[in-house]
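Okay, here's what each chain looks like letter by letter:
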Amino acid sequence: MRRARVVLLVAALASVFVVTTAALALAEQSSSTPDTRHSVRMARLPDGVPVAIPVRLPTPDDARSRVVLVRGGDAVRAFLAVDPRIGCGLLIPGDPDYGRLFIDIPSRPALYDNCTGSAYGIDGVCNGGPCRRNLDEIPVRVDGDWARLDVRDLRTGSFRFRLSSIPPACLGVNPAAVIAGPTPFPRCR
């Protein structure tokens, strides 16, 4: 009888240990995963002025980045503030280095990549430089006084060049032209 009690006590302690270890592991995992949902008060978003918020991306290394929110009336758009070409962070109006390597036009705010010189409008469209596609966008849901977004819903920006703008002769000679866009000299033969 005494032996059965000892076995039962050891089994109970082992199960408490297993449950406690599992709970601690689950708590550690949930605290290390970044919060991907963000909310911003609409009052913080003036019309036509880009506003950046810090985010942690759901990547293996929990990369830190920024999302740029731009309000136009009752609608809000959000873009990942990273150049899609090589991954450099973008400068927005108000950043300390904004306007040092390019001409700042206050009436036309833009997002700039200091690494390569790409320029994006506040609508996320590539306006100049070596960028091949527009900025990656995150859908925003306006809920009363709040703009809500989830960085897991990231949508890849569209390519700057359409396939129809590439001469057919180039497609046969250079299949990479479909990805890279037209060459500066469209005659391929």
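To be clear, the structure that these remarks concern was listed above.
Below, the structure is looked at part by part. Keep in mind that this is a model prediction, so the values were computed, not measured.

1. Comments concerning the overall build of the protein
Helix and strand counts for the protein stand at three helices and 11 strands. Going residue by residue from the N terminus, the α and β elements of the protein occur as α-β-β-β-β-β-β-β-β-β-β-β-α-α. Residues counted as buried form 31% of the 189 residues belonging to the protein. Look at the contacts in the protein between residues 6 or more apart in sequence, and 42% of them connect residues 24 or more apart. Accessible surface, the protein as shown: approximately 12200 Å² in total, 59% of it carbon and sulfur.

2. A few points about the environment of T59
Relative to the helices and strands, T59 resides in the loop between β2 (51-56) and β3 (64-72). On the basis of relative accessible area, T59 is assigned to the partly exposed category, the value being 29%. Measuring from C-alpha to C-alpha, the distance between T59 and R152 comes to 9.8 Å, with 93 residues separating the pair along the chain.

3. Considerations on the pairing of β2
The alternating pattern of β2 places V51, I53 and V55 on a buried face and A52, P54 and R56 on a face that is not buried. Note that β2 and β3 share six bridges and pair antiparallel. Looking at the pairing, A52 lines up with V68 of β3.

4. Examining the sheet that holds β3
Overall, antiparallel pairing links the four strands, which are arranged β2-β3-β4-β9 in an open sheet. Among the strands making up the open sheet, the edge pair consists of β2 and β9 (137-138). In the sheet, strand β4 (residues 75-80) pairs with β9 via two bridges, with the strands oriented antiparallel. The partner of F79 across the bridge, within β9, is E137.

5. Re the state of the cysteines
For the coordinates displayed, the defined rule picks out two disulfides. Each sulfur in the disulfide pair C88 and C115 lies 1.9 Å from the other. In this structure, the disulfide formed by C88 and C115 twists by about -95 degrees around the S-S bond and is classed as left-handed. In this pair, C88 sits in the loop between β4 and β5 (90-91) while C115 sits in the loop between β6 (110-113) and β7 (119-121), placing the two residues 27 residues apart along the sequence. Take C88: its relative accessible area is 14%, and that puts it in the buried class. Judged by relative accessible area, C115 falls into the partly exposed class, the value being 49%.

6. Side note on the nonpolar core
Ranked by internal contacts, the top residues of the largest apolar core, which has 18 residues, are L45, V67, L69 and L149. At the level of elements, β2, β3, β4 and β11 (146-150) are the ones that each hand at least two residues to this core. When neighbours within four sequence positions are excluded, L45 is seen to be in contact with V40, V51, L69, R71, V76 and A147. One finds I92, L111, C131 and L135 within the second-largest nonpolar core, a separate group that totals 11 residues.

7. Some thoughts on the sheet that holds β6
If you walk across this open sheet you meet the four strands as β5-β6-β7-β8, and the pairing is antiparallel. The open sheet is flanked by β5 and β8 (126-128), the only strands paired with a single partner. Sheet topology note: the β5/β6 ladder contains two bridges and is antiparallel. Looking across to β6, one finds that L90 is bridged to D113.

8. Notes on the environment of R44
As for its position among the elements, R44 is in the loop between β1 (37-41) and β2. With a relative accessible area of 47%, R44 lands in the partly exposed category. With 27 residues separating them in the primary sequence, R44 and R71 have C-alpha atoms 9.8 Å apart. With near-sequence residues (within four places) excluded, R44 lies in contact with V51 and I53.

Basis of the calculations
- Residues numbered from 1 in each chain as written.
- Predicted model: local features only at pLDDT ≥ 70, side-chain atom pairs only at ≥ 80, totals over all residues.
- Heavy atoms only, no water.
- Helix = DSSP H or I, 4+ residues; strand = E, 2+ residues; numbered from the N terminus.
- Buried < 20%, exposed > 50% of the residue type's maximum accessible area, 1.4 Å probe, protein only.
- Contact = heavy atoms within 4.5 Å.
- Areas by Shrake-Rupley, 256 points an atom, 1.4 Å probe, with all protein chains shown as cover.
- Pairing = 2+ DSSP bridges.
- Disulfide = S-S within 2.5 Å.
- Core = buried A, V, L, I, M, F, W, Y, C linked by side-chain atoms within 4.5 Å.

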